[in-house]
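Now for the letters of each chain:
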Amino acid sequence: MPQEHRLILKNIDQPGYTPDIECYLKHGGYEVLKKALAIQPKDLPEGKKQSGPEQIRDDVKLSGLRGRGGAGFSAGLKWSFVDRRSGKPIYLICNADESEPGTFKDRQIIHKDPHQLIEGMVISCYANDVKLAYIYIRGEMPEGARILNQAIAEAKAKGFLGKNICGSGYELEIHVHRGAGAYICGEETGLIESLEGKRPYPRIKPPYFPAVLGLYLCPTIVNNVETLCHVKHIVAMGGAEYAKLGTPNNTGTRIVSLSGQVKKPGYYEIEVGKATLGELINDPAFGGGLRDGRQLKAIIPGGSSSKVLKAGERFKLKRKAEGKEVEQEVGVLDLPYDFDSLAAAGTMSGSSAIIVIDDSTDIVEALANLSEFYAHESCGQCTPCREGSLWMSKTLHRLTHGGGRAGDADYLVKIADNIPGGRTICAFGEACSWPVQSFVAKFKDDFVAKGKADEEKRAKESAAKH
Amino acid sequence: MSAAPTTETKPTPSPVETITVKVDGKAVTVPKLSPDHTGTMVPTNMIQACFAAGTTVPHYCYHPKLPIAGNCRMCLVEFGTPAMGPDRKPILNADGSPKITKAPRPAIACATPVSPGMEIYCSTPSVKQMREGVLESLLINHPLDCPICDQAGECKLQEYSVDYGQSASRFVESKVHKPKRIDLGPRIVLDAERCILCTRCIRFTRDVAGDDALGIVNRGSYNTISTFPGKPFDNNYTLNTVDICPVGALTSKDFRFQMRVWFLKETKSVCTSCATGCSITAGSREDKVYRYEPRENDAVNATWMCDAGRLNYKWINRPDRLKDVVVRGEKSNWTFALKEISDQLAAAPKGSVAIIASARQTNEELFLIRKLATKLGAITDSIPRIGSGDSLLVNADKNPNVNGARLNGICFTETGINLAKIASGIEQGSIKTLLVFGEDVLKRSIASEQLKEKETTSEVVEEHSITATLLGKLETLIVSDILPNQTTKLAHILLPGAAHVEKRGSFTNTKGRVQKFMQAIQPPGDARAEWEFLHELVYNVTGQNGFKSIEGLFNQMAKEVPAYNGLSWSGLGDTGATVAI
């Protein structure tokens, strides 16, 4: 039976656990930071020495930690790209702009255990020689910003932030910056622009890779809230030990935001890949199944921009078993919930937000809803996404308001096909077009039927008039 | 302003490190580094390599003189790089050519640096499809009002539609409506519906003009270019945004609805409003000038010019232009007037003639005046015209050719220092004949509060001592000018002159750049270019000949005047040559 494995959420929601520093310290808070700061330089075989921060960076690489924001990129590798020879300051930004529809995991940490994030950040900053870090928090989360500011003040008062942290001589300031309420600020270069006080237009890459030309054109690390919390646990356990959690290449634990038409929506922390989509939806430890009398229709597996999965779909996955690669056919509900399995199924685990859709939902209406969101959130900087996102939304609005055509399904896909695949500056192009492509591909009959019905209705009305 | 476009581009240091790439199969070698908009050397981009290979890459937001934005996505291309083996050596195909790994995703040619052995594919079906997709996106919400749009005929949407457009739109939704006829400032109107949001205007005014005046408001498809509330877009360089706007979104209030661009004859010319001498293109039709536009010249003005200079053309078509030769109040003709002047000058005792030339005259005219002055022993000078300058293009010296006057010996150190001598010569009766070319010597300095407005017409004159009473003492006052003024009223012999767009010639700018300009329109009535009658006068008075064409005249000057040695009219090309000043 799959169970939750609470690492990040260990204390969260426990009776009596409060977000203040006293409570955090009582539960062993900031001990890992002290451990990190105390790591002594290690002798390497070639006679060189490896500093404490370098050892932490190595450990994070060894842990196999993948970013929990959406792209699932190796955190250790991301850190290794940082230009450490430029002579410019290195910045670290915690991306707390959690805005992907269906995602509500980071806010649990921020609201209920802010010191865990701060400890994770201080360790990550120490590991990367960062003296100034920012928490970019979503504009719609004012309470989270208040809590974080208070936590920072508390940590500072106790010597876990500011000058000479824990007597180590290491110095770090963290500032909380509130966004003004735009989904695109979650894109790391858009976030950096916003933090610099500009419109959050994502930057072109090349040349503006944050690791080289980030905030104020200095080397910058942008990590998700949950990712930074994991760093604390990696240092506590050791990278090798942490890597034993989860499955190979999909290590550690992950908080899943489960929403939609299940009995028990909520956030659940699992070992990555140790529970299947079906278990997450149906197991009493997690979603507890669909509402009575309802059938599963679709699953959006990784935040609203991930490609939709259809109930009953089957996939051929390549698996390594006993040293050999074998192909295995699995149903959608048997997909292990990890980065690689979902990618192999043509979608992604994204921000690990599962939205469950049952047969009471009009799938065209559902897509219209998503598309409206993306049309509203497109920053408008580059052409395909700016024009395409609104075009798709207008089409879907028409299709759900009596103006449909049988050909609208193909029409929609043609519009969507012009947006993704490197045609846009940032991944928003994919985010807005993938849902349209996948919904129409997998539920084409629903779209055609709706259009046809509208056409017939109009024909009848027109005949009645004449 | 980070770039200084008035400085000459430094010769590229050699040997230049180069990279060889293939564009659609054609090998091309480009420098590893190329100058960006500030002149800083940065890695050469794919679009530059494509241009070097003679391959057109359609683009909207890219402009070589602006920072790169990469937002229009029209220049997306596919590319591949040589595959590397584990030994970091290129893997070879069976035929010995390097194996190319095609990149999984396209890249924008404007912002992707080239690397050795790279292959750029600009004409694959996929590239064509991407361009079609971008163009379709740009057009779905566009008003398609070409018949009433000033940009029609020089619009990139129209141009690329020929290659990548569709004859019929499949867009059946309602278009996005945005504000139209927005008054952005005193000279600019914005039609937000036509705008494709390439941000060239924003980048120009922020990064070149140094006035962060424009930005974008709203989101997504509703994005709209805007000024800050209550702050007009009114710097002296705003009209450049109309030039670089690839569509009809930004239009010039001055040129709006005046003339279809395809009717305009384009003539290479030079701006006369200050000593910078921006290279310009004069747009004219049937002897009327409709607009000036900057012409690319990295040694002078990059691709920009100031609004004041650009709008300083209306006087050319003024109805009160001098059109007749007038001798002692009677309408006359050139044959009669030139004979009378020649006879008088030939008979004039040495030193009894003074000449006030103009630093708005061409090098060739000033050269001829110098010849005349030498023969007559005449004292010469020119009128200084000083206003205010800026750090970008506007020079405080409002004459276009002070260096031409200096190098030709009309005035030796600076203009105006001989004016007092001329005044006292007239006062004492030693100077009996005064020739004035293109200057109102009675015009006085303008109070500083009036300066700003007047600057746009370059009519800023410094104080000197020549008065109407003094002019009245002269036996003969010969004036050649373009427009009537206080001095022309007193002239005994009045000769109607030609504006620079009505003749050919050259100017020497403040940095010694000698640029030639061509004739766009015919002078009105009997008006003639001064060099045309000056060469007759010089022949009549000195007996020297050989100046019957502007080419011959320039080449003669280049031979005789040391500063111009080695230059030739044809060698000046479109962007000129620099002489030591």
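For every chain, the first residue of the written sequence is number 1, and numbering continues from 1 onward in sequence order. Chains carry letters from A onward and ligands carry numbers from 1 onward, assigned in written order. Given that the model is predicted, a residue must reach a pLDDT of at least 70 before its local features are reported, and side-chain atom pairs must reach 80 or more before they are shown or counted; all residues, however, enter totals for whole chains, interfaces and linings. Water and hydrogen atoms were dropped before computing side-chain values, which therefore reflect all heavy atoms in the structure.

Once that is clear, we can look at the pairing of strand S15 (residues 279-285) of chain B. Residue and element names in this part refer to chain B. With six of seven residues buried, S15 is to be regarded as a mostly interior element. Two strands qualify as a pair provided that DSSP identifies no fewer than 2 bridges between them. Numbering of helices and strands runs from the N terminus, with a helix taken as a DSSP run of H or I at least four residues long and a strand as a DSSP run of E at least two residues long. Here strand S14 (residues 265-270) runs beside S15; their pairing, made up of six bridges, is antiparallel. From the neighbouring strand, glutamate 266 faces S15, where its bridge partner is glycine 283. Pairing between S15 and strand S16 (residues 288-294): six bridges, direction antiparallel. When accessible area is computed with a 1.4 Å probe and restricted to protein chains, residues below 20% of their type maximum are described as buried, those above 50% as exposed, and intermediate ones as partly exposed.

The omega angle of the peptide bond from Lys205(A) to Pro206(A) is 0 degrees, so this bond is cis rather than trans. Here Pro206(A) lies in the loop between helix H8 (188-195) and helix H9 (210-213). A cis geometry characterises the amide bond from Pro206(A) onward to Pro207(A), with omega recorded as 5 degrees. Checked against the element boundaries, Pro207(A) lands in the loop between H8 and H9. Phi is positive for Asn164(A), which is not a glycine, with a value near 50 degrees. Tracing the backbone through its elements, the reader meets Asn164(A) in the loop between helix H7 (142-157) and strand S5 (173-178). On the accessibility criterion, Asn164(A) (43% relative accessible area) is partly exposed. For Asp24(B), which is not a glycine, the phi torsion comes out positive at approximately 50 degrees. Here Asp24(B) shows up in the loop between strand S1 (18-23) and strand S2 (26-31).

In predicted models, pLDDT denotes the confidence assigned by the predictor to each residue on a 0 to 100 scale. On average, residues of chain B score 92 in pLDDT, and 94% of them are at 70 or above. The contact criterion used is simple: two residues touch if any of their non-hydrogen atoms lie within 4.5 Å. In this model, residues 1-7 of chain B is a region of pLDDT below 50 whose contacts with residues beyond four sequence positions or in other chains number 23 contacts.

With that settled, the discussion passes to the side chain of Thr424(A). Residue placement: Thr424(A) occurs in the loop between helix H16 (408-417) and helix H17 (428-442). We define a polar contact as two N or O atoms separated by no more than 3.5 Å, with the added condition that, inside protein, one atom must be a possible hydrogen donor and the other a possible acceptor, whereas residues neighbouring each other in sequence contribute only through side-chain atom pairs. Side-chain polar atoms of Thr424(A) contact the backbone oxygen of Cys426(A), separated by 2.8 Å. Sequence-distant contacts of Thr424(A), that is, excluding residues within four places in its chain, are made with Cys382(A), Pro384(A), Cys385(A), Ile419(A), Gly429(A), Glu430(A) and Arg73(B).

Taken residue by residue, the interface counts 32 residues in chain A and 39 residues in chain B. Of the roughly 2900 Å² buried where chain A meets chain B, counting both sides, 50% is carbon and sulfur surface. Contact with chain B buries area across many residues of chain A, yet Trp391(A), Lys394(A) and Arg423(A) alone supply 20% of it, more than any other trio. By salt bridge we mean one thing: a side-chain nitrogen of Lys or Arg within 4 Å of a carboxyl oxygen of Asp or Glu. For the pair chain A and chain B, the number of links is three salt bridges. Salt-bridge contacts for Glu377(A) lead to Arg219(B); the nearest nitrogen and oxygen are separated by 2.7 Å. What counts as buried area is the accessible surface, traced by a 1.4 Å probe, that two parts surrender upon association, with contributions from both included.

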